[in-house]
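Residue-level structure breakdown
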Amino acid sequence: MSKLAAFYRGNQAKGLVVLVLIVAAITGEFLIFATPHKNSNNLRTSAATNCTPDARLVNPCRPWQGDSSNKYPGVASGLKARTTDYETRTGTQVDFAHEFATAGATLTSDELYYINRPNTYLLLNYKPTSGGWSTADGSSAAVNTNIDNMANSIKAVAPKKIILALWHEPNNDVSGGAAGCPSNFAYVGTTGTPAQYRAMWANVRNRFSALGVTNVEWAIIYMSGTKWDCMQKELWPGNSLVDWVMWDHYYSNAETFASGTSRFYDWLGTNSDAAHDFNNHPWGIGEWGSWQTTQSAVYQLYVDGGKALQAGTYSKIKLWTVWDSIGSNDSRIQYSNASALDQTEQNTFNTNWAQNSAFINPVINPNTDPTPPNISITNPSSGSTISSTVSIAITATDNVKVTRVKTVWDSTNVISDVSNAGSWNTSWNTAAVANGSHTIVATAYDAAGNSKTSSVAYTVSNVTPPPPGPTITSFTTNPATITVGQNTTLTWSSTNTVNCTVNPGGPQNTTNTVWQTLVFSSPGTTNYTLTCKNSAGTTVSKTASVTVNQPTVAPTNVILTADKTSIQIGSSVQLNWSSSGSSSCTLNPGNYLANGTTSSKSLSPTATTTYTVTCSNSAGSTKSSGVKVTVLAVPPPPANPVINSFVADPNSIAYGLTSTLSWQTTNVVSGGCDLAVSPLSSTDGNGSWTTSSLTASASYTLTCKNSAGTTASKSVSVTVANQPPPPPPPASTGGTGGSGGNTVKATTGQTISNAGDNGTVTDGSLLTLDSSNVTDSTKIDQISKVEFYSGDTLIQTVLKAPFALDTTRLKPGTYNLTQRTYYLDGSTSQQSQLVTIKAKTAGAAKHGNRLIIILISVIVLFGLALAGLRYWLSHRIQGGGGYSGDGGGHTDIDLAGIPTVIKPTDPNAGL
């Protein structure tokens, strides 16, 4: 039972309506109604019974679908390869192939292919000049010639028509002069003013018309951003010069399909006037795509766009050309904006946009034609083996009309997709297919959308042809006859070769085509062989000869001199030569040739070289002279200074204590180090120094240099605990040395003050800041001298032990003293300390003098008393003093007051 009969039985009233409609279609009265947009022109205001494009290439039944595809991996750069790839990925045949042509171009073979392919047109963006717009206003004969060449190439395809967009997106090429834009408008172009753009249009249109070109529809393609609105009208070439109004738009993340499309769509309608009659021209989208947006937003863009097509929301847009490529943003349909492969985006685009039914001519209702077409593949036959380019023959018939046949291999790879009724044959290059078993599938469609498929299995067997053989087209020596002292030049040309070799002594595997021999020093004939090979290694050879004759009379007085016979490396030497009776001279090494009898050459040899000049006369006789130039090596620069170690010991101290800095270096000159902050401004590379008592953390930097002045630096820090100083010790009682501080016994036996904990010594003491300098005999033997500084001022230099400071050199007061010790091995050490020199107390001196006076007085008085007593006793005895004992001895008293017993020897003694 047919679908139509079932339809009638289900609903006789509706069936009657259908029958009436069928009859009306047969009689040519069937109408397809379309609802125009509010700004629609008159092309779709009435029912359309015919979908043939009008004179402006407008399809009255549906909008056109176009694309500009590029930069897909593995796809060739040609328009045909790029468009075929787009059609394969989308499963649709485009109506317009979009391409770009620059100055001097004419129609290419790929562009001609789409002009001539059934049901396909070309949208060509053409820039007639590579300079400013003013160069294409008719003033340049060269530019006019280029324009005429393009015009004639388009004229040659008539009556086939194309849409020619003249210098698309001119907005961002404007360099100034747009009166409608504010005075502070930021122009970004350098090509010219709107007036110059219009003059270019007029010149190109006039030249095309003068040559009789009638198969071009002219389009202006604007940039649609709001920034450019102030200059859009000024760029308008004129109502009579423009056929199509187009614009480019890329949808950002902040736009929907509706907001992005409506903005300029509505601007054109609102701003159309008598001088800028946008509304009475068909509109089109020259490029559209996504711009730096999320993938989910891209998917929704295609969904919303497909719905807008179905609803006819933008009915004035008669051509939608998608930008499927990479520019300043990745707008490829099969890739994300981050250039990641995204098949989901491709599938979403195919379903909602590329295969949208709005792009199919609504001619026949499927309910009136349920019968599918018949199709068969007559060549190649099933099971056959094919290779190279094969002809695919297809027979397709339908009860009404076959509208389209699509041919693919292995189900998905499009070979052909054409709508040329009655001609379904196509050719196919099997080189793009891997050898092995494959399937060709052909599908026929009728106007009602019915389809039928036929397939054949086959085997592809292609053999890669070898590369063409190499050919040497010429090989010559010039001159072919020379004399000793001359050279010759070999020149050759070849085809289908990758490189060539010249023997004997010539270049090996070279791509050059010229070689100059060395100067010949002996007569004879040399045969040279040129061997060239292709990419498969196949070789071909050819020979050429040079004859060298012995000169008859040698030149005389050949002189070669150098302005310097000894130079430093990197310097130059001037060589001068002269010869009597010669016509040319050659200087070697270097093969420098000079005509005439005198010449010179400036050279910079890198090693000692003996130069020889060989001069020849017109008869070929030669004579030589030589000179040796010695190249002296430049001494190497001194090694960079290195600070091997620089440490503080300890690097963390208590409040008021000291730290010793020590360092070791290499490649440093004597006295080449500076320690900041310290008194050491010119010290040796190996040494040490003790800080003064520190009450705050400090940083020290050691900088050392080599003999060339190159420096190296290193820093250390000493951390001081943040605490107040300890209370001062009790007042000194003078100690052994009377210095007011601690004392040590020097190896010389002297008492030396070391300033003690309180840093105070008494004026007149000997002072050391390093006790080992006066107590350690081993160390003392290694000391050459000791210097004492107050700040940066030298106070005293001590050359022998004890190596101590005589404090009488300083007035009483407080000093920042530094003791620098120099050792016999060249090293140094250094200590610093804040020292107070205290004056001797005046009261103590007076008290000592008083004691001395008292003591002397007592001694004097005691002596006087003894003398008086002795005098008194002596006078008393002599004056009849009594006797003690009976005839015994008497007692006497000496000057010292010691009694002495005198024993007489005679009883009568004592009188």
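Residues numbered from 1 in each chain as written. Predicted model: local features only at pLDDT ≥ 70, side-chain atom pairs only at ≥ 80, totals over all residues. Heavy atoms only, no water.

**Considerations on the overall build of the protein**
Stated precisely, the cut-off is as follows: By the criteria applied, helices consist of DSSP H or I runs no shorter than four residues and strands consist of E runs no shorter than two, each listed in order from the N terminus. In this description, contact between two residues means that some pair of their heavy atoms is separated by no more than 4.5 Å. Working definition of accessibility: Shrake-Rupley area with a 1.4 Å probe, residue cover restricted to the visible protein chains.
What the protein contains, in helices and strands, is 13 helices and 49 strands. For the protein, long-range pairs separated by at least 24 residues make up 63% of all intrachain contacts whose partners lie at least 6 apart in sequence. Carbon and sulfur atoms provide 53% of the accessible area of the protein, an area that totals close to 45,000 Å².

**Here we look at the environment of T145**
The topology assignment puts T145 in helix α5 (residues 141-155). Sequence separation between T145 and G104 is 41 residues, and the spatial gap between their C-alpha atoms is 8.4 Å.

**Concerning the sheet that holds strand β28 (residues 592-595)**
The criterion, for reference: Any two strands with at least two DSSP bridges between them are considered paired. What counts as an axis is a line fitted to C-alpha atoms, over the stretch in contact for a helix, and the angles between N-to-C directions run from 0 to 180 degrees.
With respect to topology, five strands assemble into an open sheet ordered β25-β31-β30-β27-β28, the strand pairing being mixed. Edge strands, defined here as strands with exactly one partner in the open sheet, are β25 (566-568) and β28. Taken pair by pair, the neighbouring strands of this sheet meet at an average axis angle of 25°, ignoring direction. Here eight bridges tie strand β30 (residues 609-616) to strand β31 (residues 622-632), and the two strands are oriented antiparallel to one another. Note that in β31 the partner of S616 across the bridge is T622.

**A word on the state of the cysteines**
Spelled out, the test is: What counts as a disulfide here is a pair of cysteine sulfur atoms lying within 2.5 Å.
Tallied over the entire structure, the rule returns five disulfides. Across the disulfide from C500 sits C532; the S-S distance is 2.0 Å. Torsion about the S-S bond of the C500 and C532 cystine: about 110°, corresponding to right-handed handedness. One end of the pair, C500, is in strand β20 (residues 499-503); the other, C532, is in strand β22 (residues 524-533), and 32 residues separate them in sequence. Covalently, C585 is tied to C615 through a disulfide, its sulfur atoms 2.0 Å apart.

**A few points about the confidence of the model for the protein**
Here is the rule we go by: The pLDDT score gives, residue by residue, the confidence of the prediction method on a 0 to 100 scale.
For the protein, mean pLDDT is 83; residues scoring 70 or higher make up 83% of the total. When the criterion is pLDDT under 50, residues 363-367 qualifies, and its contacts beyond four places in sequence or with other chains add up to eight contacts. Across residues 843-848 the pLDDT falls below 50, and counting only partners more than four positions away or on other chains, this stretch makes zero contacts in the model.

**A word on the pattern of salt bridges**
Basically, it comes down to this: Throughout this description, the term salt bridge denotes a Lys or Arg side-chain nitrogen within 4 Å of a carboxyl oxygen of Asp or Glu. Throughout, exposure labels follow a simple rule: accessible area from a 1.4 Å probe, protein chains only, divided by the maximum for the residue type, with under 20% read as buried, over 50% as exposed, and the rest as partly exposed.
Scanning all chains against the criterion turns up 13 salt bridges. One salt bridge in this structure joins K161 and E217, with 2.7 Å as the shortest N-O distance. Of this pair, K161 sits in the loop between α5 and β4 (162-166) while E217 sits in strand β5 (residues 216-223), placing them 56 residues apart in sequence. There is no split in this pair, since K161 and E217 are both buried. A salt bridge links D563 to K564, with the shortest nitrogen-to-oxygen separation between them at 3.3 Å.

**Quick notes on the packing of helix α3 (residues 79-90) against helix α10 (residues 343-354)**
Note the cut-off: Orientation is classified from the angle alone, with under 35 degrees giving roughly parallel, over 145 giving roughly antiparallel, 65 to 115 giving roughly perpendicular, and any other angle giving oblique. All amino acids are sorted into three groups, where Ala, Val, Leu, Ile, Met, Phe, Trp, Tyr, Cys and Pro are nonpolar, Asp, Glu, Lys and Arg are charged, and the leftover types, Gly among them, are polar.
Interaxial distance between α3 and α10 falls to 9 Å at its minimum, and their mutual angle equals 85°. The angle between the axes of α3 and α10 places the two elements in the roughly perpendicular class. Each of Y86, R89 and T90 in α3 lies in contact with α10, whose residues at this interface are Q346, F349, N350 and A354. Partitioning the contact of α3 with α10 into residue classes produces three nonpolar, three polar and one charged.

**Some details on the pairing of strand β23 (residues 539-549)**
The sheet contact formed by strand β18 (residues 481-483) and β23 spans three bridges and is parallel. When the bridges of β23 are listed, I482 appears paired with V548. As paired elements, β22 and β23 share 10 bridges and run antiparallel to each other. Bridged to T526 within β23 is V546. The antiparallel hairpin formed by β22 and β23 contains five residues in its connecting segment, where G537 sits at a positive phi of about 90°.

**Describing the packing of helix α9 (residues 295-311) against α10**
Between two packed helices, the angle of one axis relative to the other and the distance separating the axes together describe the packing. It is the contact of α9 with α10, at a shortest axis distance of 8 Å, that shows an interaxial angle of 10°. Regarding the angle of α9 to α10, the classification is roughly parallel. Residues Q295, V298, Y299, Y302, V303, G305, G306 and L309 of α9 form the contact with α10, whose participating residues are T344, E345, T348, F349, N352 and W353. Residues of the contact of α9 with α10, tallied by class, amount to seven nonpolar, six polar and one charged.

**So, the side chain of N203**
Tracing the sequence through the fold places N203 in helix α6 (residues 194-210). For N203, the residues in contact, after removing those within four places along its chain, are A136, D137, G138, N144 and I147.

**Considerations on the sheet that holds β5**
One closed barrel accounts for eight strands, arranged β1-β2-β3-β4-β5-β6-β7-β8; its pairing is parallel. Taken pair by pair, the neighbouring strands of this sheet meet at an average axis angle of 30°, ignoring direction. Across seven bridges, strand β6 (residues 244-251) lies against strand β7 (residues 283-290) in parallel orientation. Each residue of the ladder has a partner; that of M246, found in β7, is G284. Across the sheet, α3 is in contact with β1 (64-69), β2 (96-101), β3 (121-126) and β8 (317-324); its angle to β1 comes to roughly 120°. The strands that α9 touches are β6, β7 and β8; relative to β7, the one it contacts most, it runs at about 155°.

**Thoughts on helix α8 (residues 257-271)**
Using the following cut-off: Multiply 1.5 Å by the residue count of a helix minus one, and that product is the helix's expected span. The angle between axes fitted to the seven-residue stretch ending at a residue and the seven-residue stretch beginning at it gives the bend at that residue.
The end-to-end C-alpha separation of α8 is 22 Å, in line with the 21 Å expected for 15 residues at 1.5 Å each. Its maximal kink placed at R263, α8 deviates by approximately 25°.

**Observations concerning the pairing of strand β47 (residues 828-838)**
Of all 11 residues making up β47, eight are buried, and the element is well covered by its neighbours. In this sheet, β47 lies alongside strand β36 (residues 687-690) in parallel orientation, the contact comprising two bridges. Of the residues in β47, the one forming a bridge with T690 is Q831. Relative to β47, strand β41 (residues 760-762) is paired through three bridges, and the arrangement is parallel.

**As for helix α4 (residues 109-116)**
Worth spelling out the cut-off: Think of it as the arc spanned by the lines of direction from the helix axis to the C-beta atoms.
Looking at α4, one finds that the buried residues are D110, E111, Y114 and I115. Angularly, the buried residues of α4 cover 145° about the axis, an arc narrow enough to put them on a single face. Each element contacted by the buried residues of α4 is listed here: α3, β2, β3 and β4.

**Focus on the nonpolar core**
Where we set the bar: Among buried residues, the Ala, Val, Leu, Ile, Met, Phe, Trp, Tyr and Cys ones that are joined through side-chain atoms within 4.5 Å form a nonpolar core.
Of all hydrophobic cores here, the largest spans 73 residues; its most connected members are F208, W288 and W320. Sequence-distant contacts of W320, that is, excluding residues within four places in its chain, are made with P63, W64, Q65, G66, F257, T261, I285, W288, L309, Y314, W353 and F359. Within the second largest apolar cluster, 21 residues are counted, among which are A396, V405, V433 and A442.

**As for a nonpolar patch on the surface**
Defined as follows: Note that patches include only residues with greater than 30% relative accessible area and no salt bridge, and the join distances are 9 Å for like charges and 5 Å for nonpolar side chains (Val, Leu, Ile, Met, Phe, Trp, Tyr).
A cluster of nonpolar side chains, namely I856, V860, L861 and L864, defines an oily patch on the protein surface of about 410 Å² accessible area. Looking at the element boundaries, L864 is found in helix α13 (residues 842-878).

**A closer look at the packing of aromatic side chains**
How we decide: Two rings from Phe, Tyr or Trp (for Trp, the six-membered ring) form a pair when their centres sit within 6.5 Å of each other. Planes less than 30 degrees apart are called stacked, planes more than 60 degrees apart edge-to-face, and all others tilted. Sitting over a ring, as applied to charges here, requires NZ of Lys or CZ of Arg to be within 6 Å of the ring centre and within 35 degrees of the ring normal.
Scanning all chains against the criterion turns up 40 aromatic pairs. Between F257 and W353 the ring centres are 6.1 Å apart and the planes differ by 55°, which places this aromatic pair in the tilted class. On the criterion of sequence distance, the pair formed by F257 in helix α8 and W353 in helix α10 is long-range, its members being 96 residues apart. Between the NZ or CZ atom of R332 and the centre of the ring of Y72, over which it lies, the distance is 5.8 Å.

**Digging into unusual backbone geometry**
One can expect most non-glycine residues to show negative phi and most peptide bonds to be in trans. Of note, the bond from N588 into P589 is cis; its omega dihedral lies within 30 degrees of zero at 0°. When you line up the elements, P589 lands in the loop between β27 (584-588) and β28. The omega torsion across A801 and P802 is -5°, close enough to zero to call that bond cis. Mapped onto the elements of the fold, P802 is located in the loop between β44 (793-798) and β45 (805-806).

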